[in-house]
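Architecture and fold: a report
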Amino acid sequence: MTVQLARTALDAVGDVADGSTVMIGGFGPAGQPVELIEALLAQGAGDLVVVSNNAGNGEDALARLIHLGRVRRIVCSFPRQVDSWHFDEAYRAGRIELELVPQGNLAERIRAAGAGLGGFFTPTGFGTPLAEGKETRVVDGVPMVFESPIHADLALVKAFQADGAGNLVYRKTARNFGPVMATAARRTVAQVTEVVPVGAIDPETVVTPGIYVDAVVEIDGATTLAGAQPAQRGAAS
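If you're wondering where the values come from, they're calculated on a predicted model, not measured in any experiment. (Residues numbered from 1 in each chain as written. Predicted model: local features only at pLDDT ≥ 70, side-chain atom pairs only at ≥ 80, totals over all residues. Heavy atoms only, no water.)

This part is about the overall build of the chain. A tally of regular secondary structure across the chain gives six helices and 12 strands. Rg of the C-alpha trace for the chain: 18 Å, near the compact-globule value of 18 Å for 237 residues, within the 12% margin. Across the 237 residues of the chain, 47% fall into the buried class. A separation of at least 24 residues holds for 74% of the contacts in the chain among residues at least 6 apart in sequence. Taken as a whole, the chain presents about 11,000 Å² of accessible surface, with 52% of it coming from carbon and sulfur. Distance from the positive charge centre (19 side chains) to the negative charge centre (26 side chains) of the chain: 3 Å. (Helix = DSSP H or I, 4+ residues; strand = E, 2+ residues; numbered from the N terminus. Rg over C-alpha atoms; globule rule 2.2 N^0.38 Å. Buried < 20%, exposed > 50% of the residue type's maximum accessible area, 1.4 Å probe, protein only. Contact = heavy atoms within 4.5 Å. Areas by Shrake-Rupley, 256 points an atom, 1.4 Å probe, with all protein chains shown as cover. Lys, Arg positive; Asp, Glu negative; His and termini not counted. Charge placed at Lys NZ, Arg CZ, Asp CG, Glu CD.)

Here's what the structure looks like:
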């Protein structure tokens, strides 16, 4: 498989269809692919299902994607924080759906999709509203609830280094959801600090093999979208 080494974040994101499911890496700002989300804003796709740890902070790119009415549904662990006002407003107005998933379950549901598993049983969430409508059973005396895998059309992740074959190395806790999301999407795009020649990365340090990566863009902090403006869909006045 040939990995696209894109010139800009917008080129890397490419065509995204309305109604797509998009996974976005990051734990708050750590490991969040900010420039790729900005590119998604500029690209214009709407009616999106977003899978992310949270629902945006302040005026960051994910929060603005929600504010502009581009997200139909969000699957996340921490939708409400002190600065999640755009999600709060959209949710209270009925403009966005929420699937709340405990963080460990979220990571494992994504991992299950990447591993080709049909789901798993877990005690987390049993006996709570999060288990309503789901299969339950007792395993070794422990009541459990069945959780299904989460697949995506596109994953946007941030890594530290990539080589020309798409192999990725992350930086400390910034890896968080990136490795599992990269395996669970039909198409994965990574923004990195540095692209190095094939062979320059020690194979023992590769976290995400290039077989999971479709496009890479090097972001050095000076990269812009050349003035591209985000498309609005149903944004509140």
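Attention shifts here to unusual backbone geometry. With a phi close to 55°, aspartate 140 is a non-glycine residue in the positive phi region. Among the structural elements, aspartate 140 can be located in the loop between β7 (136-139) and β8 (142-147). Overall, aspartate 140 belongs to the exposed group, its relative accessible area being 79%.

Let's shift gears to the pattern of salt bridges. Following the criterion strictly, the structure yields 11 salt bridges and no others. Its salt-bridge partner being arginine 111, residue glutamate 108 comes within 2.8 Å of it at the nearest N-O pair. In this pair, glutamate 108 and arginine 111 are both assigned in helix α5 (residues 103-115), three residues apart and thus about one turn of the helix distant. Residue classification places glutamate 108 among the partly exposed positions, given a relative accessible area of 26%. Bridged by salt links that share partners, the residues Arg73, Glu97, Glu99, Arg109, Lys134 and Glu147 form one connected network. (Salt bridge = Lys/Arg side-chain N within 4 Å of Asp/Glu carboxyl O.)

Tallied over the full model, the rule gives two aromatic pairs. For the pair phenylalanine 87 and tyrosine 91, a centre-to-centre distance of 5.5 Å together with 20° between the ring planes defines the contact as stacked. Taken as a pair, phenylalanine 87 and tyrosine 91 lie in helix α4 (residues 85-92) at a separation of four residues, close to a single helical turn. What makes tyrosine 91 partly exposed here is its relative accessible area of 44%. (Phe/Tyr/Trp six-rings, centres within 6.5 Å; stacked < 30°, edge-to-face > 60°.)

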